[in-house]
Amino acid sequence: MTQSELRFRPLSEGIGLGILKSAHHKKPKKIEEKPPVSAVDIDTSVMRQAHAAYAPHSVGSQLRARVETRFLVAFARFMAGLGTDIFVGCFTVLILAWAGVLAWNAGAGGAFRGSDAFFVVLDFIGAVTLSQAIIGLFAVSLGWRLVRTLLFR
């Protein structure tokens, strides 16, 4: 079977490799210069050719090529990354503030009660206004992203 005899069927008819896969059932001609090509090699090369022919026209590649899809995927990744940064950054700040208040209480009066320190931190968070909270979330997420970029990459 020559290259000009290869015909690919559309995806609506299935994978369309029935004719192509039968190429390895024929006995290869014996050439004394090169060893005969195995059926696995023929099958693999045919599958590569079929994939190369079908891949640009598949539904998945057409959906991925759309501008709307690329924008939505990039936006979802950004929001997931930003949400993770906000959560991890705020959790880290909360733990550091709790540990700081705990150390302050332990140093000032010798009391080492974790619940009292945690309630002091929660009282502070409860006294924060909405605009201060938004600015704080932005600052914490930006700081966490900066630390993550400098130290972990």
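Attention here is on the structure that accompanies the text. (Residues numbered from 1 in each chain as written. Predicted model: local features only at pLDDT ≥ 70, side-chain atom pairs only at ≥ 80, totals over all residues. Heavy atoms only, no water.)

Turning our eyes to something else, we now look at the overall build of the chain. Secondary structure assignment for the chain yields six helices and zero strands. Starting at the N terminus, the α and β elements of the chain follow one another as α-α-α-α-α-α. The buried share of the chain, taken over its 153 residues, is 11%. The long-range share in the chain, meaning contacts at least 24 apart out of those at least 6 apart in sequence, stands at 53%. Carbon and sulfur atoms form 68% of the exposed surface of the chain, whose accessible area is close to 12200 Å². (Helix = DSSP H or I, 4+ residues; strand = E, 2+ residues; numbered from the N terminus. Buried < 20%, exposed > 50% of the residue type's maximum accessible area, 1.4 Å probe, protein only. Contact = heavy atoms within 4.5 Å. Areas by Shrake-Rupley, 256 points an atom, 1.4 Å probe, with all protein chains shown as cover.)

Glancing now at the side chain of serine 141. Among the structural elements, serine 141 can be located in helix α6 (residues 130–152). According to the relative accessible area criterion, serine 141 is buried, its value standing at 5%. Non-local contacts of serine 141, meaning those with residues more than four positions away in its chain, are made with Leu82, Asp85 and Ile86.

Turning our eyes to something else, we now look at the pattern of salt bridges. One pass over the structure, following the stated rule, counts three salt bridges. Taking the shortest distance from any N to any O, the salt bridge between arginine 66 and glutamate 68 comes out at 3.5 Å. A relative accessible area of 40% places arginine 66 in the partly exposed class. Residue glutamate 68 is classed as partly exposed on the basis of its relative accessible area of 47%. Of the charged contacts, one joins arginine 145 and aspartate 85 as a salt bridge, the two residues approaching to 2.6 Å between their closest N and O atoms. You can see arginine 145 sitting in helix α6 and its partner aspartate 85 sitting in helix α4 (residues 67–109), a full 60 residues away along the chain. Using a relative accessible area of 29% as the deciding quantity, one classes arginine 145 as partly exposed. (Salt bridge = Lys/Arg side-chain N within 4 Å of Asp/Glu carboxyl O.)

Below, the discussion takes up a nonpolar patch on the surface. There is a patch of nonpolar side chains on the surface, built from Phe71, Leu72, Phe75, Phe78 and Met79 and spanning about 540 Å² of accessible area. Under the relative-accessibility criterion, phenylalanine 75 is labelled partly exposed at 44%. (Patch = residues over 30% accessible without salt bridge, like charges linked within 9 Å, V, L, I, M, F, W, Y side chains within 5 Å.)

What follows is about the packing of α4 against helix α5 (residues 114–126). Remark: α4 packs on α5, axes separated minimally by 8 Å, with the N-to-C direction vectors making an angle of 125°. As summarised for this structure, α4 and α5 are arranged oblique, according to the angle between their axes. Along this stretch, α4 crosses α5, giving a crossing that reads as right-handed. Residue-level inspection shows Leu94, Ala97, Trp98, Val101, Leu102 and Asn105 of α4 in contact with α5, the latter providing Gly114, Ala117, Phe118, Val120, Val121 and Ile125. (Axes fitted to C-alpha atoms, helices over the stretch in contact; angles between N-to-C directions. Parallel < 35°, antiparallel > 145°, perpendicular 65-115°, else oblique. Left-handed = near helix turned anticlockwise from the far one by under 90°.)

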